[in-house]
Amino acid sequence: MRILLVEDDVSLSRYIEKGLQEVGHNILCVDDGKQALSLCLTEQFDIAIVDRMLPGLEMDWHLLRHYVPQK
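Computed from a predicted model, the values in this text were never measured in an experiment.

Draft legend 1. Looking closely at the environment of isoleucine 16. The topology assignment puts isoleucine 16 in helix H1 (residues 10-22). Judged by relative accessible area, which is 25%, isoleucine 16 ranks as partly exposed. For the pair isoleucine 16 and cysteine 29, spaced 13 residues apart in the sequence, the C-alpha separation amounts to 9.7 Å.

Draft legend 2. Quick look at the side chain of serine 13. Assignment of secondary structure puts serine 13 in helix H1. For serine 13, a relative accessible area of 8% translates into the label buried. Residues within four places of serine 13 in sequence aside, it is in contact with Leu5, Glu7 and Cys29.

Draft legend 3. Region of interest: the pattern of salt bridges. Inspection of every chain in the model, using the stated rule, returns two salt bridges. Glutamate 43 is paired through a salt bridge with arginine 2; the nearest N and O atoms lie 2.7 Å apart. Linking glutamate 43 in the loop between helix H2 (33-42) and strand E3 (47-50) with arginine 2 in strand E1 (residues 2-6), this pair joins segments that are 41 residues apart in sequence. A residue is classified by how much of its surface remains accessible, and glutamate 43, at 28% relative accessible area, is partly exposed. In this structure, lysine 18 engages glutamate 22 in a salt bridge whose closest nitrogen and oxygen atoms are separated by 4.0 Å. Residue lysine 18 and its partner glutamate 22 are both found in helix H1; the two are separated by four residues, about one turn of the helix. Here lysine 18 falls in the exposed class, since its relative accessible area comes to 52%.

Draft legend 4. Region of the structure containing the sheet that holds E3. Taken in spatial order, the three strands line up as E2-E1-E3 in an open sheet, and their pairing is parallel. On the outer flanks of this sheet lie strand E2 (26-30) and E3, each paired with one strand and no other. Neighbouring strand axes in the sheet, compared pairwise and without regard to direction, differ in orientation by 20° on average. The sheet contact formed by E1 and E3 spans four bridges and is parallel. Counted as the bridge partner of isoleucine 3 is isoleucine 47 from E3. Along the sheet, H1 contacts E1, E2 and E3; its crossing angle with E2, the most-contacted strand, is approximately 170°.

Conventions we followed
Residues numbered from 1 in each chain as written. Predicted model: local features only at pLDDT ≥ 70, side-chain atom pairs only at ≥ 80, totals over all residues. Heavy atoms only, no water. Helix = DSSP H or I, 4+ residues; strand = E, 2+ residues; numbered from the N terminus. Buried < 20%, exposed > 50% of the residue type's maximum accessible area, 1.4 Å probe, protein only. Contact = heavy atoms within 4.5 Å. Salt bridge = Lys/Arg side-chain N within 4 Å of Asp/Glu carboxyl O. Pairing = 2+ DSSP bridges. Axes fitted to C-alpha atoms, helices over the stretch in contact; angles between N-to-C directions.

Structure, rendered in structure tokens:
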């Protein structure tokens, strides 16, 4: 499964990334909301794990599904 992990706490991000990789997932980690949004608009992920309080993104992530084209 291809997963986008969006978390600005580096130690927490590494912990989650390691655990998911150990069970065979392909993880892409970013620490910034703008970068995550850009990736969602240009790449395809099976799921995104998103920190609810991100720097660089002033919008509710629940609204993101309305802005990302369905692929």
